Amino acid sequence: MRVFSHVLSLTLLSALLASQAGAQTEAQAPAESVTPAPAQDAAQAPASADSTVLNPPALKVDGENGHELTINDAIQRAMTRSYSVAGAQANREAQREAARGAISRVGPSGTVTYNETRFEDAQIANFNGNPITIRGDRTKTGSIIVTQPITGLYGYIENARASDLQEEISEEALKKARADAGFAGAQAFLDAYAAQEQVGIAQASVASNQSAFNDANVQNRVGRINQADFLKFQLGLSQAQSRLAQARARQVISIAVLRQTLQMPDSEAFYLNNKLPEPRVDAIAVDAAVQEALKNRPDLKQAEKTAEYATFNTKLATTEFIPSVELFAQMDRNFGEITALGNPDKDVKYYGVKMQWNFWNNGASVFKIRESMARTRFAESQAEIAKDNVRLDVIQAVQNLQASQESLKQAEVGIKQADEAYRIDQVRYKSGGITASDRILSESTKSSVQGDFVTARTSLLSWYFKLQQALGKETPTL
């Protein structure tokens, strides 16, 4: 009787397992692949399965179902649509006009004035019984004055040179804004790509854990598994579902950041190109890279020119001690007012030299010079700090790029090792060679290694771009 009961239990177990075979095979297929399934494949599932999908993939790029977005597209769109770039460009144009205005002050200037005065009554004198108008009830006069500065030319010339420097500073700021926007677009694409791939890995993990739990549930019904192992399978499934929820949240955030970086409207549908280019990384000499960065970095050029501009402000402050000397030519006209001398219209022309010297202002000019000198020292210190930061940025980028290369190599090896270990552990678990904890740990290790591979791949590209940025490249290139 005991033998018959045992045979009946095995028969029932086999029937239940056979009924789950199709679902189990389908659920395990993504989990057994070496390369993580891209998120856009999962995005084709019903909306109830993944309500966080923002950009379902288009069957073809026709403008109706969305369009493909590559990393180069992201770079170009970020550089052309960035508000920071638009602001820097507007500032550059403003500084260009200011420089033109400053140089125009070196030449002569002309002034036209007109004065008209009305009185309550005219001034009339009586000579021998004859009234004579001394001044009418109104006066009208006009002047044309042409002035050419002499000693003031020094200040105007220095101010023009300072304005030219400001234009150069704004030009470097524009280059930096464009480069920052391009690199930000590349990084936003990489973050969105990594989040997309992590969702695919998490979905494969959920499918694998769901399949394992289904097997455990069947065995639990017929009493072929202890309760502790059954609860472990249930816990593994819950943890996999939790990781999937977190991965989806990161994907939503990364897509939102990508849209904002590219100034992409919510109505624009797109899907990410899942073929990341492989960067060509040659041997890097750190000293040579630092020297290249010191020559090309726009932020360093901006800091150095700012220090140079501060020295011009010191020169301009000293011009307050120089007397102002100007040449002038002037023509005055009174417009037909009747006077005692009977001059209806008369022009008066004269020229000469004007000199003015503000020899005392309670030390304000001295304090201004001291302020300018202090600001010059501050600007020079900022330029030295910028140089130090350039060196540090290059060293950091080089070392992290090399580390990312090694991490990617190890991750590629780890993918194969984890996949093979998982396959072996599945066989061992079915034959009773390992426990449920070992099988769950094997699946978790496989998912973790797949995630490390995605991280290493995107990290390599990220540090490749950061090295270009540290070297002063104006556009990210692969």
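Look a little higher up for the structure.
Residues numbered from 1 in each chain as written. Predicted model: local features only at pLDDT ≥ 70, side-chain atom pairs only at ≥ 80, totals over all residues. Heavy atoms only, no water.

Asks: Explain the environment of I284 residue by residue, including any values.
Replies: For I284, the location among the structural elements is in the loop between β6 (270-272) and α8 (286-296). Remark: the alpha-carbon pair of I284 and Q402, spanning 118 residues in sequence, is separated by 9.3 Å. For I284, the contacting residues outside a window of four places in its chain are A289, V398, L401 and L467. (Helix = DSSP H or I, 4+ residues; strand = E, 2+ residues; numbered from the N terminus. Contact = heavy atoms within 4.5 Å.)

Asks: Tell me what's going on with the nonpolar core, and back it up with residues and numbers.
Replies: Counting 48 residues, the largest nonpolar core has L69, F189, L258, V394 and F465 as its most contacted members. Those elements that provide at least two residues to this core are α4 (71-81), α6 (152-221), α7 (227-262), β6, α8, α9 (298-318), α10 (364-430) and α11 (436-471). When residues no more than four places from it in sequence are discounted, the contact partners of V394 are V286, A289, V290, A293, L467, A470 and L471. (Core = buried A, V, L, I, M, F, W, Y, C linked by side-chain atoms within 4.5 Å. Buried < 20%, exposed > 50% of the residue type's maximum accessible area, 1.4 Å probe, protein only.)

Asks: Before we move on, could you go through α11 and cite the residues and values that matter?
Replies: Along its 36 residues, α11 runs 52 Å from first to last C-alpha, staying within 8% of the 52 Å computed at 1.5 Å per residue. Directly after α11, the chain includes G472, whose backbone phi takes a positive value near 90 degrees. (Expected span 1.5 Å × (residues − 1).)

Asks: Describe the pattern of salt bridges, naming the residues involved and giving the relevant values.
Replies: Counted according to the given criterion, the structure contains 21 salt bridges. The closest approach of N and O atoms between E93 and R92, which form a salt bridge, is 3.2 Å. The class for E93 is partly exposed, based on a relative accessible area of 32%. The exposure class of R92 is buried, given its relative accessible area of 10%. Measuring nitrogen to oxygen at the nearest pair gives 3.0 Å for the salt bridge that ties E320 to K368. Note that E320 is positioned in the loop between α9 and β7 (324-335) and K368 in helix α10, a separation of 48 residues in sequence. For E320, a relative accessible area of 30% corresponds to the partly exposed category. Since its relative accessible area comes to 40%, K368 is described here as partly exposed. Salt bridges here are not isolated pairs; linked through shared partners, they connect R92, E93, R96, E167 and E171. (Salt bridge = Lys/Arg side-chain N within 4 Å of Asp/Glu carboxyl O.)

Asks: So what's going on with α8? Which residues, and what values?
Replies: Of the residues making up α8, those classed as buried are A289, V290 and A293. In a view along the axis of α8, the buried residues occupy a sector of 100 degrees, so they form one face of it. Structural note: α8 exposes D287 and K295 on the side pointing more than 90 degrees away from its buried face. Turning to α8, the residues buried within the fold contact α10 and α11. (Arc of directions from axis to C-beta.)

The values reported here are purely geometric and, on their own, carry no functional implication.
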